[in-house]
Amino acid sequence: MFKKIILGVLSGFFIGLFVTSIFVSKETNFLELFLSKITATSIITGVFCGSYAHKSKSKLKTFLVSILIGIVIFYVKYLITNHHYDPITMGAFVGAMLGGTLAVFKKLTHSIKVYQRLQRHRKNGFGNKHKKNRI
């Protein structure tokens with residue numbers, strides 16, 4: 001569980017930095033990008049998306065629910081801080097990026113497990129047709 005939450009936090013951090021760098025002027029430094037409202041909200045979205053990705057079995061549900069989580073969290077941030085950027089679009093974008101990242105991570109880890117299981121079975125003789133005695 002912690003692996004997916006950490007992945008969500010790191011992905012939220014980098015996606016938040018990317019989105020913030022688009023909207024903020026060019027003269028800002030890294031610390032100002034990190035301390036912005038967008039990056040902090042993206043990190044919070046990453047925590048919730050990562051915890052949902054741990055509970056969900058479907059990659060498509062993870063993607064779609066992450067979009068909804070992003071919209072809800074960015075809209076709550078808009079209601080609290082009155083931050084003037086479009087919260088629905090920004091939340092959908094960040095949620096889609098996080099959901100896509102978590103779905104790809106889930107697919108990769110599953111494929112690696114299946115490959116390792118197949119290699120273990122092949123080592124034990126599964127699929128070795130040339131060793132069979134034919135009459």
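Each value, and the rule that gives it
- Residues numbered from 1 in each chain as written.
- Predicted model: local features only at pLDDT ≥ 70, side-chain atom pairs only at ≥ 80, totals over all residues.
- Heavy atoms only, no water.
- Helix = DSSP H or I, 4+ residues; strand = E, 2+ residues; numbered from the N terminus.
- Buried < 20%, exposed > 50% of the residue type's maximum accessible area, 1.4 Å probe, protein only.
- Contact = heavy atoms within 4.5 Å.
- Axes fitted to C-alpha atoms, helices over the stretch in contact; angles between N-to-C directions.
- Left-handed = near helix turned anticlockwise from the far one by under 90°.
- Nonpolar A, V, L, I, M, F, W, Y, C, P; charged D, E, K, R; others polar.
- Lys, Arg positive; Asp, Glu negative; His and termini not counted.
- Salt bridge = Lys/Arg side-chain N within 4 Å of Asp/Glu carboxyl O.
- Expected span 1.5 Å × (residues − 1).
- Core = buried A, V, L, I, M, F, W, Y, C linked by side-chain atoms within 4.5 Å.
- Phe/Tyr/Trp six-rings, centres within 6.5 Å; stacked < 30°, edge-to-face > 60°.
- Patch = residues over 30% accessible without salt bridge, like charges linked within 9 Å, V, L, I, M, F, W, Y side chains within 5 Å.
- Areas by Shrake-Rupley, 256 points an atom, 1.4 Å probe, with all protein chains shown as cover.

1. Quick look at the side chain of S56
Moving on, step 1. By the secondary structure assignment, S56 is in the loop between α3 (37-55) and α4 (59-81).
Moving on, step 2. For S56, a relative accessible area of 9% translates into the label buried.
Moving on, step 3. With near-sequence residues (within four places) excluded, S56 lies in contact with K61, T62 and K106.

2. Some points on the packing of α4 against helix α5 (residues 87-123)
Moving on, step 1. Where α4 meets α5, the closest approach of the two axes is 7 Å, and the angle between their N-to-C directions is 150°. Crossing angle aside, the handedness with which α4 passes α5 is right-handed.
Moving on, step 2. Residues belonging to the contact of α4 with α5 are distributed by class as follows: 14 nonpolar, 7 polar and 3 charged.

3. Describing the side chain of K77
Moving on, step 1. In this structure, K77 sits in helix α4.
Moving on, step 2. Within the buried core, K77 has no salt-bridge partner, and the shortest N-O distance to an opposite charge, that of D86, equals 10.0 Å.
Moving on, step 3. The residues touching K77, leaving out its near neighbours within four places in the chain, are K37, T41, N82 and H83.

4. Quick notes on α3
Moving on, step 1. In this model, α3 (19 residues) spans 28 Å end to end at C-alpha, consistent with the 27 Å of a helix rising 1.5 Å per residue.
Moving on, step 2. Three or more residues of α3 are buried, namely I38, T39, T41, S42, T45, G46, C49, G50, S51 and A53.

5. Describing the nonpolar core
Moving on, step 1. The biggest cluster of nonpolar side chains holds 13 residues, and the ones touching the most others in it are V19 and V94.
Moving on, step 2. Of all elements in the fold, only α1 (2-23), α3, α4 and α5 reach the threshold of two or more residues within this core.
Moving on, step 3. The greatest single-element share of this core, amounting to 4 residues, is contributed by α5.
Moving on, step 4. Those residues in contact with V94, other than ones at most four positions away along the chain, are I15, V19, S42, T45 and F74.

6. Focus on the packing of aromatic side chains
Moving on, step 1. Applying the stated criterion across every chain yields a total of 2 aromatic pairs.
Moving on, step 2. Measuring from centroid to centroid gives 5.2 Å for F13 and F14, while their planes differ by 65°, and the two rings are edge-to-face.
Moving on, step 3. Given the relative accessible area of 14%, F13 is considered buried.
Moving on, step 4. For F14, a relative accessible area of 54% puts it in the exposed group.

7. Points about a nonpolar patch on the surface
Moving on, step 1. On the surface, F18, I22, F23, F93 and M97 cluster together into a nonpolar patch covering about 460 Å² of accessible area.
Moving on, step 2. Elements supplying a minimum of two residues to the nonpolar patch: α1 and α5.
Moving on, step 3. Per element, the largest residue contribution to the nonpolar patch is 3 residues, and it comes from α1.
Moving on, step 4. Its location among the elements puts F18 in helix α1.

Everything listed is a geometric property; what it means functionally is a separate question.
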